Amino acid sequence: HNEHEAAVIPFIQAGVCRKMKNSLLVFTAVVTIIIATTITGCSIDTEPIYDEVTLQLKWVHQAQFAGFYMADEKDYYSQENIKVTFLEGGQDVDIAENLLTGKADFAVLSPDELLVKRSQGCPLDSIAAVYRRSAVVFLSKADSGIVRPQDFVGKTIAATATGGTAEFQMQLAAMMKKLQLDTNQVNIVPYDPDYTAFINGEVAVTPAYSTGGLIKLRQEGLELNLIWPSDYAVRFYSDLLVTTDQLITENPDLVIRFLRATLKGWQDAIEDYPQAVDITMKYAEIKDQQLQTAMMEAMLPLVNTGEDKVGWMKSEMWQGMCDIMLDQNLLAEPFDVNQAYTLRFLEQVYGSK
């Protein structure tokens, strides 16, 4: 028995050793695979995949779009896995067409243009109102005695769309109708963006944007009276953030991420506008910090109105804008104005109101 046991033990020991050796080899191989996989995985994961997004601006780079620049510079877009390209606007840029053809994914568009396009059947939607009050203001010289719309009667006003914008003539007509004034008693001539006739006294009243023309005329040393259409129940949004029905349907997650980052950028621009101006100077076509600061200061009360949240929209505002345009036969045909905007994404960012 002892001899047999003595003979068997070496074989058992040899088998155990072989098993241990095999187990060690398997363990080593598994560890090697794990390490290799981890290293390879790290090299891939360090390069996140971004959604490439193009934003069409309403005009050239300036403080008007400071919130978008803030969102980009502070990496709010990249934190949402978005890489943004900005396209400048201009007189010859068809913003709506760039959206409809896919050249841009989002755009800054005026409400009158959006409503016109929507009445023509174009599938465009506003997802936020960046400027919750219109920048349109009517100006007269301080010594003219023209301080309200009733004083426009018998005067020359530069407001027609030739060389300018339909917003001016539309808001002038709406304001006068609200006050039951006859536009036939006013001499309306083409709007001049250089304001030459107004400065020379050939035109008594001119419309302007408080964020642009008003600043320019004040820099010329003019003292001015300001007549705001909103004081006479003519209320319009100004810069809207717009996209297509298709993008909303096919990629709502991208829309909410882009909007969330954008609103954060605008909130930061409101809270620290000197920093917003500094960032704007990296983009601005006109490298005049004093001008960009004045534009920013004029813009802030239009964006941050003290009511609701930045970007929020109201159904009664949309209906009011649509009614004014229908009254002036500016829309191709009547339509449900609720098709022109959606609160869906604002509600996701802020919660229902």
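Keep in mind that what you see is a predicted model, and the values were worked out from it rather than measured. (Residues numbered from 1 in each chain as written. Predicted model: local features only at pLDDT ≥ 70, side-chain atom pairs only at ≥ 80, totals over all residues. Heavy atoms only, no water.)

I would appreciate a short explanation of the overall build of the protein in the present structure.
Of regular secondary structure, the protein possesses 14 helices and 10 strands. Out of the 353 residues in the protein, the part that is buried amounts to 45%. Nonlocal contacts in the protein, meaning residues at least 24 apart in sequence, comprise 81% of its contacts between residues at least 6 apart. (Helix = DSSP H or I, 4+ residues; strand = E, 2+ residues; numbered from the N terminus. Buried < 20%, exposed > 50% of the residue type's maximum accessible area, 1.4 Å probe, protein only. Contact = heavy atoms within 4.5 Å.)

Got a minute to help me understand helix 5 (residues 111–119) in this structure?
For an α-helix, 3.6 residues make a turn, and residues three or four places apart therefore share a direction. All of the buried residues in helix 5 are Pro111, Asp112, Leu114, Leu115, Arg118 and Ser119. The buried residues of helix 5 occupy one face: seen down the axis, they fall within an arc of 160°. Taken from the residues just after helix 5, Gly121 is the one with a positive phi, measuring 95°. (Arc of directions from axis to C-beta.)

In this structure, what is going on with the sheet that holds strand 5 (residues 136–141)? I would like to understand it.
Remark on secondary structure: sheet strands pair via backbone hydrogen bonds, oriented parallel or antiparallel. Strands sit in the order 8-5-9 across an open sheet of three strands; the sheet is antiparallel. Each of the sheet's edge strands pairs with one partner strand only, and the pair in question is strand 8 (206–209) and strand 9 (224–227). The sheet shows a mean angle of 40° between the axes of neighbouring strands, taken without regard to direction. Bridge count for strand 5 against strand 8 is four bridges, and the pairing is antiparallel. Paired with Val136 across the bridge in strand 8 is Tyr209. (Pairing = 2+ DSSP bridges. Axes fitted to C-alpha atoms, helices over the stretch in contact; angles between N-to-C directions.)

Just to check I follow, could you spell out the packing of helix 10 (residues 252–271) against helix 12 (residues 289–303) for this structure?
Angle between the axes and distance between the axes are the two parameters that describe a pair of packed helices. Taken N-terminus to C-terminus, the directions of helix 10 and helix 12 make an angle of 125°; their axes are 10 Å apart at the nearest point. Considered as vectors, helix 10 and helix 12 are oriented oblique to each other. Seen from above, helix 10 lies across helix 12 with left-handed handedness. Only Met296, Met299, Leu300 and Val303 of helix 12 make contact with helix 10, whose side of the interface consists of Trp266, Ala269 and Ile270. Looking at the contact of helix 10 with helix 12 residue by residue, the class counts come to seven nonpolar, no polar and no charged. (Parallel < 35°, antiparallel > 145°, perpendicular 65-115°, else oblique. Left-handed = near helix turned anticlockwise from the far one by under 90°. Nonpolar A, V, L, I, M, F, W, Y, C, P; charged D, E, K, R; others polar.)

Whenever I open this one, the pattern of salt bridges confuses me. Can you help?
Pairing is possible between side chains of opposite charge, provided their charged atoms come close. Tallying each qualifying case throughout the model produces 14 salt bridges. Linking Lys74 and Asp268 is a salt bridge whose minimum nitrogen-to-oxygen distance equals 3.2 Å. Taken together, the positions of Lys74 in the loop between helix 2 (66–73) and helix 3 (76–79) and Asp268 in helix 10 put the pair 194 residues apart, joining distant regions of the chain. One salt bridge connects Glu307 with Lys314, and the closest N-O pair in it is separated by 3.9 Å. With relative accessibility at 36%, the residue Glu307 sits in the partly exposed group. Note on Lys314: relative accessible area 26%, which makes it partly exposed. Residues participating in the shared-partner salt-bridge network are Arg132, Glu307, Asp308 and Lys314. (Salt bridge = Lys/Arg side-chain N within 4 Å of Asp/Glu carboxyl O.)

Sorry if this is basic, but what is going on with the confidence of the model for the protein here?
Low-pLDDT portions of the prediction should not be read for the details of their coordinates. The predicted model of the protein averages 88 in pLDDT, with 85% of residues at 70 or higher. Under a pLDDT of 50 for its full length, residues 1–14 has, in the predicted model, zero contacts with residues more than four places off or in other chains. For the stretch residues 33–37, pLDDT sits under 50, and the model shows zero contacts to residues farther than four places along the chain or on other chains. (pLDDT = per-residue confidence, 0-100.)

In this structure, what is going on with helix 6 (residues 166–178)? I would like to understand it.
Spanning 13 residues, helix 6 covers 18 Å between terminal C-alpha atoms, matching the ideal 18 Å at 1.5 Å per step. Of the residues making up helix 6, those classed as buried are Glu167, Phe168, Met170, Gln171, Leu172, Ala174, Met175 and Met176. At the exit of helix 6 stands Gln180, carrying a positive phi of roughly 60°. (Expected span 1.5 Å × (residues − 1).)

For this particular structure, what's the right way to read the environment of Leu226?
With respect to the helices, strands and loops of the structure, Leu226 is situated in strand 9. Leu226 sits in the partly exposed class, given a relative accessible area of 28%.

Whenever I open this one, the nonpolar core confuses me. Can you help?
For soluble globular proteins, the rule of thumb is that nonpolar side chains tend to be buried together. Counting 109 residues, the largest nonpolar core has Leu55, Phe68, Phe152, Leu241 and Trp318 as the members making the most contacts within it. Broken down by element, the residue count for this core peaks at 10 residues, all from helix 10. With residues near it in sequence (within four places) discarded, Phe68 still touches Leu55, Tyr77, Phe86, Val108, Val130, Leu241, Thr262 and Trp266. (Core = buried A, V, L, I, M, F, W, Y, C linked by side-chain atoms within 4.5 Å.)

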